[in-house]
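Residue-level listing of the chains:
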Amino acid sequence: MQKYGQHFLINENVINQIIDAALLLKSENLVEIGPGKGALTARLIDRGCRNFTVVEIDPEMEIYLRKNLPESADVKILRQNFLQADLEKLAPRPTLFVSNLPYIDAADILDKVLSCPHFQAAVFMFQKEQAQRIRARAGEQGYGPLSVFSQLRAQISPICKAGRGCFNPPPKVESMVLAFMRLNNGPVPNEKWTSFNKLVTAAFLHKRKTLFNSWSLAGYDKQKITTVLADCKVKPTARPEEISPGKYVELWQKLCCL
């Protein structure tokens, strides 16, 4: 394993399915996150993509890419931690993001991408269990803040699975590729996302507690919580994992915005 924990994708079938999905989600701008040795990058070039940006944290991989990518493709190689990248400069117009995401930072990278004003679409590889949490519905195993935040900002579709043998070195877990398409006119404005994030995160902070108790412990007014739950037809004994993303928006609007 490399010092940055890379697992390089080597399975041609999975690579092709990622590229096929990406090319269906055309956008004015293309950014690949963590290209590594360029398995996806090279295939994007083979399929006609030009003048796009790759963001790579590993200086050794940067050198490798500069030596091996054709100059004619006009690929801009930015050596940087994507989580520290300025998306106003990197994605100044509608952008498609593609990546075999590093497992350790996958959730943070997804959140940064979905928060990008010019995010249009993305095709990302995740650890299988994390992909299942992203897609989980209320009441299903794994449902939580990641599910709520992802589903309110994008339409999410499964693309394919990838076993351990699809990578070198093989990871200890299986993986899954998901495609994301921006949901226009999302129910939570960007300028109020922090408030909504705080409310939902607080709901799931204490396992096995009711929504009422979790929000009370977080400092929200108990009487207002009781009133809002009743107004939204949510039982006072309801637990956080039983509440759909849309219902969280409704609760937040009444608890924090009215």
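Keep in mind that what you see is a predicted model, and the values were worked out from it rather than measured.

**Student:** I'd love a proper account of the pattern of salt bridges, names of residues and values included.
**Tutor:** Counted according to the given criterion, the structure contains nine salt bridges. Where R43 meets D46, a salt bridge forms, and the shortest distance between an N and an O atom there is 4.0 Å. Of this pair, R43 and D46 both sit in helix α2 (residues 39-46), three residues apart, which is roughly one turn of the helix. The class for R43 is buried, based on a relative accessible area of 17%. When its relative accessible area of 60% is taken as the criterion, D46 is described as exposed. The structure contains a network of salt bridges with shared partners spanning E12, R43 and D46.

**Student:** Could you give an account of the sheet that holds strand β4 (residues 76-79), naming the residues involved and the relevant values?
**Tutor:** Spatially, seven strands are ordered β4-β3-β2-β5-β6-β9-β7 in an open sheet, and the strand pairing comes out mixed. Whereas interior strands pair on both sides, the edge strands pair on one side only; in this sheet they are β4 and β7 (154-162). Pairwise comparison of adjacent strand axes, ignoring direction, gives a mean angle of 20° for this sheet. Pairing of strand β5 (residues 95-100) with strand β6 (residues 119-127), which is carried by six bridges, proceeds in the parallel orientation. What sits directly across from T95, in β6, is F119. This element, helix α1 (residues 12-24), spans β5, β6, β7 and β9 (175-182) of the sheet and lies at about 160° to β7. Its contacts with the sheet place helix α5 (residues 106-115) against β2 (29-33), β5, β6, β7 and β9, and it is angled at close to 170° to β6.

**Student:** Any details on the environment of M125? Residues and values, ideally.
**Tutor:** As for its position among the elements, M125 is in strand β6. In this structure M125 comes out as buried when scored by relative accessible area, which is 0%. Placed 68 residues apart in sequence, M125 and I57 show a C-alpha to C-alpha distance of 17 Å. Among residues more than four places away in sequence, those in contact with M125 are L9, V14, I18, S99, N100, L101, A162, F167, S175, M176 and V177.

**Student:** Before we move on, could you go through helix α6 (residues 128-135) and cite the residues and values that matter?
**Tutor:** Along α6, the positions that sit buried rather than exposed are K128, Q130, A131 and I134. End-on view of α6: buried residues confined to an arc of 160°, all on one side of the axis. In the core, the buried residues of α6 are packed alongside α5, β6, α7 (145-151), β7 and β9.

**Student:** Before we move on, could you go through the environment of P102 and cite the residues and values that matter?
**Tutor:** As for its position among the elements, P102 is in the loop between β5 and α5. P102 sits 96 residues away from Q6 along the chain, and the two C-alpha atoms are 6.7 Å apart.

Calculation notes
Residues numbered from 1 in each chain as written. Predicted model: local features only at pLDDT ≥ 70, side-chain atom pairs only at ≥ 80, totals over all residues. Heavy atoms only, no water. Salt bridge = Lys/Arg side-chain N within 4 Å of Asp/Glu carboxyl O. Helix = DSSP H or I, 4+ residues; strand = E, 2+ residues; numbered from the N terminus. Buried < 20%, exposed > 50% of the residue type's maximum accessible area, 1.4 Å probe, protein only. Pairing = 2+ DSSP bridges. Axes fitted to C-alpha atoms, helices over the stretch in contact; angles between N-to-C directions. Contact = heavy atoms within 4.5 Å. Arc of directions from axis to C-beta.

Distances and angles like these do not, on their own, reveal function.
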